[in-house]
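# Residue-level structure breakdown
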Amino acid sequence: MVSAKAPEHVVVVGAGIIGLSTAWYLQEHGIQVTVVDRGEVASGSSWGNAGWLTPALTLPLSEPAVLHYGLKAMIDPASPLYIPLSTDPSLLKFLLGFTRNCTPAKWRRAMAIFAEIGRTGIDAFDELAAGTPAVAEATHLADPFLAGFSTLQAREALIREFHVIRETGGQVDFNIITGDQIRKLEPTLGAGVVAGIEIRNQRFINPPAFMHSLADTVVARGATLVTAFTVFDVRDTAAGVDVIGSEGRLIKADAVVLATGAWLGALARKFGVKRVVQAGRGYSFTVVPEAMPTRPIYFPAQRVACTPLGDRLRVAGMMEFRSADAPLDPRRVKAIVDAASPMFTGINWEDRAEEWVGARPCTTDGFPLVGATASPRVHVAGGHGMWGIALGPLTGKMVAAGLTGTAGPGIARHFNPLR
């Protein structure tokens, strides 16, 4: 039964994990949904990411140590965080705001909010799997999820973060293991890994397979999916919204959800969303190891994330603050190869496939923008940084609750897009 406050027809702009999850949860309320995207399903950050559903590692980006990385990044393009010299006023505004949030006190406050999210992000994936019809592509248990380190000092840094998670109300189950123990679990790891950590109760997905399964499910439940539809403008007509696209196409609806990732500000700004959404670009590629890992492996010091995708291993990394539409920079791929290659054995790093760059949408305080704008008919869902996949279904649940006037996840109170 549709709530009296709920719209009958909603357009969702963006066919990534957040847009499609929003469509799924709106359908749970009996709402007709049209999903539009300027490209294809998962043509943005939802395709090439690591696919981790990891409450233990879903942490705010604005940790104080990032300031150290940031200063180094200005002179070292191979740094895990790369900030090219720029006079772009939007980027400079973002960097100033981001720096203000990289204090120990603000970071601990942010950690407490992420701890509040806890496992509710994974619970939302379980709801997708229990729907009718169900999202067929499964999530996978990482038992255990592994973190590898080239020094004991590097391992201590992650252990300190885990202690802060516990101190701020979160839960993380981990064990310290030796280099020999982690190589026994994953023989593809090389002599460069001298220490490890096992993390329990984490999951992962195959992002391309999951995204297409979710899209197929949303369409099977009655949604209209329109690709190659670039939205140029959204107008609040007081009676509803006009979504104006390429070639003069027009879709009329009762409400719209903007889930356009790093391009969120272009459409949302006139509705009072003033927060800068900066592209924090990540890179990935795939290789085929002689011994395929059976679970994700993370190298925190190198900021390199590795995920098995069936017959290939995805290797991802970098946080590059620059234009979302800039072309792939081969130097960033080389930086990931240089960081990862000492940690593995049995991989031909020159035999790479699926080289990719995607623009993660980052905010200065590290929190997403989720909910109604200055117009009650225009809602936004974005700004998740590195955690769009992990929090995508939970975000869709929050947006659907806001549009229908029903009780939703309490964590939404922290993500007001007009803050």
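These numbers were taken from a predicted model, which means no experiment stands behind them. (Residues numbered from 1 in each chain as written. Predicted model: local features only at pLDDT ≥ 70, side-chain atom pairs only at ≥ 80, totals over all residues. Heavy atoms only, no water.)

With that settled, the discussion passes to the packing of aromatic side chains. Enumeration according to the criterion identifies 14 aromatic pairs in this entry. Arranged with centres 6.2 Å apart and planes meeting at 65°, the rings of Phe98 and Phe321 form a pair that is edge-to-face. With a gap of 223 residues between them, Phe98 in helix H4 (residues 89-100) and Phe321 in strand E18 (residues 313-321) connect regions that are remote in the sequence. Under the relative-accessibility criterion, Phe98 is labelled buried at 5%. Taken together, a centroid distance of 6.3 Å and an interplanar angle of 40° make the contact between Phe367 and Phe415 tilted. Of this pair, Phe367 sits in the loop between strand E19 (353-362) and strand E20 (369-372) while Phe415 sits in the segment after helix H12 (388-404), and the two are 48 residues apart along the sequence. (Phe/Tyr/Trp six-rings, centres within 6.5 Å; stacked < 30°, edge-to-face > 60°. Helix = DSSP H or I, 4+ residues; strand = E, 2+ residues; numbered from the N terminus. Buried < 20%, exposed > 50% of the residue type's maximum accessible area, 1.4 Å probe, protein only.)

Moving on to the side chain of Thr58. Following the sequence through the fold, Thr58 ends up in the loop between strand E3 (52-53) and helix H3 (65-73). Under the relative-accessibility criterion, Thr58 is labelled buried at 8%. Polar contacts involving the side chain of Thr58 include one to the main-chain carbonyl oxygen of Thr54, which spans 2.7 Å. Each residue touching Thr58, except ones within four places of it in the same chain, is listed here: Phe114, Trp387 and Ala390. (Polar contact = N/O pair within 3.5 Å; in protein donor to acceptor, adjacent residues only side chain to side chain. Contact = heavy atoms within 4.5 Å.)

Before going further, it helps to examine the sheet that holds strand E11 (residues 231-236). Taken in spatial order, the 3 strands line up as E11-E12-E13 in an open sheet, and their pairing is antiparallel. Each edge of the sheet is formed by a strand with only one pairing partner; in this case those strands are E11 and strand E13 (250-253). Shown here is a sheet whose adjacent strand axes are inclined to one another by a mean of 15°, direction ignored. Relative to strand E12 (residues 241-245), E11 is paired through 5 bridges, and the arrangement is antiparallel. Its bridge partner being in E12, Val231 is matched across the sheet by Gly245. (Pairing = 2+ DSSP bridges. Axes fitted to C-alpha atoms, helices over the stretch in contact; angles between N-to-C directions.)

This part covers the packing of helix H6 (residues 120-129) against H12. At a minimum axis separation of 8 Å, H6 and H12 run at an interaxial angle of 70°. Here H6 lies roughly perpendicular to H12, going by the angle between them. Side by side, H6 and H12 meet where Thr120, Gly121, Ala124, Phe125, Glu127 and Leu128 of the first sit next to Ile389, Ala390, Pro393, Leu394 and Lys397 of the second. Of the residues in the contact of H6 with H12, the class split is 7 nonpolar, 2 polar and 2 charged. (Parallel < 35°, antiparallel > 145°, perpendicular 65-115°, else oblique. Nonpolar A, V, L, I, M, F, W, Y, C, P; charged D, E, K, R; others polar.)

This brings us to the packing of helix H1 (residues 17-28) against H12. At a closest axis distance of 7 Å, the pairing of H1 and H12 adopts a crossing angle of 40°. By the angle between their directions, the pair H1 and H12 is classed as oblique. Of the two possible hands of crossing, H1 and H12 adopt the one that is right-handed. Judged by residue contacts, Ile17, Ile18, Ser21, Thr22, Tyr25 and Leu26 of H1 engage Gly388, Ile389, Gly392, Pro393, Thr395, Gly396, Lys397, Val399, Ala400 and Leu403 from H12. Within the contact of H1 with H12, the residues separate by chemical class into 9 nonpolar, 6 polar and 1 charged. (Left-handed = near helix turned anticlockwise from the far one by under 90°.)

Now for the nonpolar core. Core analysis: the biggest nonpolar cluster contains 74 residues, and Leu57, Phe162, Ile197 and Leu214 have the highest contact counts within it. It is H12 that provides the largest number of residues to this core, a total of 8 residues. Those residues within four positions of Leu214 in sequence are excluded, and the remaining contacts are Ile17, Leu20, Ser21, Trp24, Leu128 and Val135. (Core = buried A, V, L, I, M, F, W, Y, C linked by side-chain atoms within 4.5 Å.)

Three or four residues apart is the spacing at which side chains of an α-helix point the same way, because the helix has 3.6 residues per turn. With 16 residues, helix H7 (residues 152-167) ought to run about 22 Å at 1.5 Å a step, and its terminal C-alpha atoms sit 23 Å apart, in line with that. Listed in full, the buried residues belonging to H7 are Ala154, Arg155, Leu158, Ile159, Glu161, Phe162, Val164 and Ile165. Two residues or fewer after H7 comes Gly169, characterised by a positive phi angle close to 105°. (Expected span 1.5 Å × (residues − 1).)

Scope: geometric values only; no functional claims are made or implied.
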